[in-house]
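Here is how the chains run, residue by residue.
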Amino acid sequence: MKDTDIQTSLVAAALDARLRAYAPYSKYTVGAAVMDRTGHITSGCNVENASYGATICAERVALTRAIAEGRDGFVGMAVVTSDGGSPCGVCRQVMMELGPEMRVFISDSAGVVRSTSVRQLLPDSFDGSGLLSVQPAPHDFPLND
Ligand code: THU
């Protein structure tokens, strides 16, 4: 598939998903869509909560939904907002974990305002490579079951 076709179909899917955003508190609606190696697209929208910290961003809904569907090898993501807003830090970390090779198309309601990549959005990221060398701590107290 041509790069321009990938971009066009991702933005269309993100625009559509944005219509289903649940954002009664901020009124800031966000749509996202990811494409896997086969060209399959999975979308997401932001889903807010009265307990504000329980809100989940559109990018993470799209990616976690795609993972749950068994998708992998993500090649691109589109994010659509009213003003071409940029993905938040938590979403960038999740994008790096699940789709480090993705192109990222940041769009407003009229179209793409910035074409970038996950690596550009999150340089020098924590990648967990140091975690493998950490030994589990021995239990120094009896465990109750
Ligand atoms: N939001 C996203 O969906 N993605 C981002 O990258 C930034 C913020 C949502 C979360 C919340 O529902 C609203 O936008 C305002 O922060």
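Read on for a plain summary of the structure. (Residues numbered from 1 in each chain as written. Predicted model: local features only at pLDDT ≥ 70, side-chain atom pairs only at ≥ 80, totals over all residues. Heavy atoms only, no water.)

### So, the overall build of the protein chain
Phase 1 of the analysis: Counting its secondary structure elements, the protein chain contains 4 helices and 5 strands.
Phase 2 of the analysis: For the C-alpha atoms alone, the extent of the protein chain along its principal axes is close to 60 × 35 × 30 Å.
Phase 3 of the analysis: Each of the 145 residues in the protein chain was classed as buried or not, and the buried ones make up 39%.
Phase 4 of the analysis: Each charge class in the protein chain was averaged separately, 12 positive and 16 negative side chains, and the resulting centres sit 7 Å apart. (Helix = DSSP H or I, 4+ residues; strand = E, 2+ residues; numbered from the N terminus. Buried < 20%, exposed > 50% of the residue type's maximum accessible area, 1.4 Å probe, protein only. Lys, Arg positive; Asp, Glu negative; His and termini not counted. Charge placed at Lys NZ, Arg CZ, Asp CG, Glu CD.)

### Some thoughts on the nonpolar core
Phase 1 of the analysis: Counting 19 residues, the largest nonpolar core has Val34, Leu63, Met77, Met95 and Met102 as the members making the most contacts within it.
Phase 2 of the analysis: Taken together, the elements giving at least two residues each to this core come down to strand 1 (31-35), helix 2 (58-68), strand 3 (76-80), helix 3 (89-98), strand 4 (103-108) and helix 4 (118-121).
Phase 3 of the analysis: Setting aside residues up to four positions removed in sequence, Leu63 forms contacts with Val34, Phe74, Met77, Val94, Met95, Leu98 and Met102.
Phase 4 of the analysis: Counting residues in hydrophobic clusters, the runner-up holds 10 residues, among them Ile6, Ala33, Ala78 and Val80. (Core = buried A, V, L, I, M, F, W, Y, C linked by side-chain atoms within 4.5 Å. Contact = heavy atoms within 4.5 Å.)

### Notes on unusual backbone geometry
Phase 1 of the analysis: The phi angle at Lys27 is positive, at roughly 65°, despite the residue not being glycine.
Phase 2 of the analysis: You can see Lys27 is positioned in the loop between helix 1 (3-18) and strand 1.
Phase 3 of the analysis: Residue classification places Lys27 among the exposed residues on the basis of a relative accessible area of 65%.

### What about the sheet that holds strand 2 (residues 41-45)?
Phase 1 of the analysis: Taken in spatial order, the 5 strands make up an open sheet running 2-1-3-4-5, and their pairing is mixed. On the outer flanks of this sheet lie strand 2 and strand 5 (111-117), each paired with one strand and no other. Sheet twist, expressed as the mean angle between neighbouring strand axes with direction ignored, is 20°.
Phase 2 of the analysis: The pairing of strand 1 with strand 3 spans 5 bridges and is antiparallel. Across the sheet, residue Val34 finds its bridge partner in strand 3, namely Met77. (Pairing = 2+ DSSP bridges. Axes fitted to C-alpha atoms, helices over the stretch in contact; angles between N-to-C directions.)

### Some remarks on the site of the ligand
Phase 1 of the analysis: Taken together, Ser26, Tyr28, Val30, Asn46, Glu48, Thr55, Cys57, Ala58, Glu59, Pro87 and Cys88 are the residues near the ligand.
Phase 2 of the analysis: Ala58 has a polar backbone atom sitting 3.0 Å from an oxygen atom of the ligand.
Phase 3 of the analysis: Its free accessible area being 370 Å², the ligand has 77% of it covered by the protein chains.
Phase 4 of the analysis: Residues that form the shell around the ligand fall into these classes: 6 nonpolar, 3 polar and 2 charged. (Near = heavy atom within 4 Å. Polar contact = N/O pair within 3.5 Å; in protein donor to acceptor, adjacent residues only side chain to side chain. Areas by Shrake-Rupley, 256 points an atom, 1.4 Å probe, with all protein chains shown as cover. Nonpolar A, V, L, I, M, F, W, Y, C, P; charged D, E, K, R; others polar.)

### Points about the environment of Gln7
Phase 1 of the analysis: Relative to the helices and strands, Gln7 is located in helix 1.
Phase 2 of the analysis: For Gln7, a relative accessible area of 26% puts it in the partly exposed group.
Phase 3 of the analysis: With 71 residues separating them in the primary sequence, Gln7 and Ala78 have C-alpha atoms 7.4 Å apart.
Phase 4 of the analysis: Not counting the four nearest positions on each side in its chain, Gln7 is found in contact with Phe105 and Val112.

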